[in-house]
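Chains, contacts and geometry: an overview
This is what each chain is made of:
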Amino acid sequence: MSLMLLVLAATACGSGETEEKPDDINPDPIPDPVSNYRLDPAPTRTKPGEYTCNGCPDTDIASFELSAGDVTQNTFDGTVRNAQGNGTFFVGGANGQELVGTIETDPDTGEFSFNAPLFCGEQLVKCVWSNASGTYVLVTRVFTTNCVTPDIRATLSWDDEGYDWELHLIKPGGRINDDVTDCTWTTCVGQGPDWGVPDDLSDDPKKDVDDTDTFGPENIFLSKPENGTYHVYVEHWGSGGSPTSDGQLVLNVAGKVTIIDIQDLPSHYVWKAATITWPEGVVTPFTEKVDCSGDWVNGCRAAMP
C-alpha cells in the first residue's frame, strides 16, 4: 500500500531570533503540506531538522531520520539544555493520524526518555521544549516497515497528579478486566487475547506501550475488528493519585481522529470514555465517571459495560 508523504510543522521560536538548521536528509521542499492536524504543538515547520533561537533550549542531536524497522513503538532519549519544565512530543502519520504526549524532563540534568507509539510507514516525530526566550523544535522523520495500519488505535496520556492510569479496549459483549474480552495491561502486553478468527494473530489487539506512573502514554491498537460495539475505558489505577488528575485520550479510528479530555479522575475510578461501533467506525464520546473503590480487587471488578 502506498503511503502519502507526511508533512508536519513547528511553531516559530517565540520572541527570539529563529535559526533554522538545514535539513541534509532531504533538501528538496516537501510538497502539499498537511494542515488538518489538531494536536501538533509546532504547526509551521515542514521539514525534518532542528529549529532553535538565541537563548532557546537546545540539544546535541544531529540526526533527523530514523529507520525504526518492524516496530510499533520506539524509545527516544537524550539531553536538552535550558528547557523550562517538561516537553511535548507529537507523532503525525498518513491521512491525518496523530497522537501527542508529555516528555518528562529532568529539571537538573535535562535528561529525557519517552516511548512514542508509531504509525505504519513514514511519519514525523516532533519534540518541543520552551523557555523565556522561545521554543525549540526537533523534527525527526521515522520509517517503520512490515506493518499494517490498524483500524482502531487508542492513545492515553495524563498529568503528573495521576498515578498509573490504565487504558482498556473492551470487545463487543465483554466487560472490564475480563481476561478474554478486555485488552489491558494484564492481557494485552506482549501478546493480546485471541479475538476474531481463532489462532489468527493479525486480528488480535495489542497494548504496545504501558506506563505505570505519571504522564503515560499508553497505546492499544486493533486491526480487522469484529462487528459490534467496543468500549474504551480509563482506570485511575494507582492509589496514590490526586482526585484532580486530568488526561487526554486520542482515538484514531477508521481514518478519523477523536480527542477526549478527561478531567478530575480520582484513584480507583473509571472514566467511560467512548464507544466505537464497527464496521461503521462511529466514535461516541462519554464523560461518565464510575466509583469502583468498593469493587476494586487488582482493578475495577464492577459489571461494566
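This text goes with the structure placed above it.
Here the residue index of a chain counts from 1 through its sequence in written order. Only residues with pLDDT of at least 70 are given local features in this predicted model, and only at 80 or more are side-chain atom pairs given and counted; all residues enter the totals for whole chains, interfaces and linings. For side-chain calculations, the full set of non-hydrogen atoms in the structure is used, while hydrogens and water are omitted.

What to know about the layout of surface pockets
- For the largest pocket, the calculated volume is near 490 Å³.
- Any residue that is not Ala, Val, Leu, Ile, Met, Phe, Trp, Tyr, Cys, Pro, Asp, Glu, Lys or Arg is counted as polar, Gly included; the first ten are nonpolar and the last four charged. When the residues that make up the lining of the largest pocket are grouped by side-chain class, the tally is 11 nonpolar, 8 polar and 4 charged. Here a cavity means grid points, on a 1 Å grid over the protein atoms only, where a 1.4 Å probe fits yet cannot get out; a pocket means an open set of points with protein on both sides within 12 Å along at least five of seven lines; lining residues are those with an atom within 4 Å of a point. Grid points are joined across faces, edges and corners, and a volume is the space filled by probe spheres set on the points.

Notes on the sheet that holds strand E15 (residues 218–222)
- The pairing criterion for strands is at least two bridges between them, as found by DSSP. Numbering of helices and strands runs from the N terminus, with a helix taken as a DSSP run of H or I at least four residues long and a strand as a DSSP run of E at least two residues long. With antiparallel pairing, 5 strands are arranged side by side in an open sheet as E14-E15-E11-E17-E18. Edge positions in the open sheet fall to strand E14 (206–209) and strand E18 (256–262), since each of these has one partner strand only. Averaged over neighbouring strand pairs, the angle between their axes works out to 20° when direction is ignored.
- With 3 bridges connecting them, E14 and E15 associate as antiparallel partners. Looking at the pairing, Lys 207 lines up with Ile 220 of E15. Axes, fitted as lines to C-alpha atoms, cover a helix only where it is in contact. Angles between the N-to-C directions of the axes lie from 0 to 180 degrees.

Concerning the nonpolar core
- Ranked by size, the top nonpolar core spans 27 residues in total, and within it Leu 169, Leu 249 and Leu 251 carry the most contacts.
- Where this core is concerned, the elements lending two or more residues are strand E11 (152–158), strand E12 (165–170), E15, strand E16 (228–236), strand E17 (247–253), E18 and strand E19 (269–278).
- Of the residues forming this core, the biggest block, 5 residues, is contributed by E19.
- Once you skip the residues sitting within four places of it in the chain, Leu 169 turns out to touch Ile 152, Thr 181, Asp 182, Cys 183, Trp 195, Ile 220, Leu 222, Tyr 230, His 231 and Val 232.
- We define a nonpolar core as any set of buried Ala, Val, Leu, Ile, Met, Phe, Trp, Tyr and Cys residues linked to one another through side-chain atoms lying within 4.5 Å. Each residue's exposure class comes from its accessible area (1.4 Å probe, protein chains only) as a fraction of the maximum for that residue type: buried when under 20%, exposed when over 50%, partly exposed otherwise. Among the nonpolar cores identified, the runner-up in size contains 19 residues, and Val 80, Val 125, Tyr 136 and Val 142 belong to it. In what follows, residue pairs with any heavy atoms lying within 4.5 Å of each other are defined as contacts.

Points about the sheet that holds strand E5 (residues 73–81)
- Ordered in space as E3-E5-E8, the 3 strands form an open sheet in which the pairing is antiparallel. Of all the strands in the sheet, the pair left with one neighbour each is strand E3 (58–59) and strand E8 (111–117).

Notes on the environment of Tyr 230
- In this structure, Tyr 230 sits in strand E16.
- Separated by 57 residues in sequence, Tyr 230 and Gly 173 have C-alpha atoms that sit 8.3 Å apart.
- Those residues in contact with Tyr 230 that sit more than four places away from it in its chain are Ile 152, Leu 169, Ile 170, Lys 171, Pro 172, Trp 195, Leu 222, Pro 225, Ala 274, Thr 275, Ile 276 and Trp 278.

Let's talk about the pairing of E18
- Taken together, the 7 bridges between E17 and E18 define a ladder with antiparallel strand orientation. Each bridged residue has a counterpart across the sheet, and for Val 250 the counterpart in E18 is Ile 259.
- Remark: 2 residues form the turn of the hairpin made by E17 and E18, two consecutive strands paired antiparallel; Ala 254 in that turn has positive phi of roughly 50°.

Some points on the state of the cysteines
- Criterion for a disulfide: a pair of cysteine sulfur atoms at a distance within 2.5 Å. Taken as a whole and judged by the stated rule, the model has 4 disulfides.
- Across the disulfide from Cys 120 sits Cys 147; the S-S distance is 2.1 Å. Looking down the S-S bond of the Cys 120 and Cys 147 bridge, the torsion is 85°, so its handedness is right-handed. Taken as a pair, Cys 120 in the loop between E8 and strand E9 (122–131) and Cys 147 in the loop between strand E10 (134–144) and E11 lie far apart in primary sequence, 27 residues in all.
- Look at Cys 120 and you get buried, because its relative accessible area is 8%.
- A relative accessible area of 29% places Cys 147 in the partly exposed class.
- In this model, Cys 292 is linked to Cys 300 through a disulfide, with the two sulfur atoms separated by 2.0 Å. Residues Cys 292 and Cys 300 are joined by a disulfide whose S-S torsion is about -40°; by sign, that bridge is left-handed.

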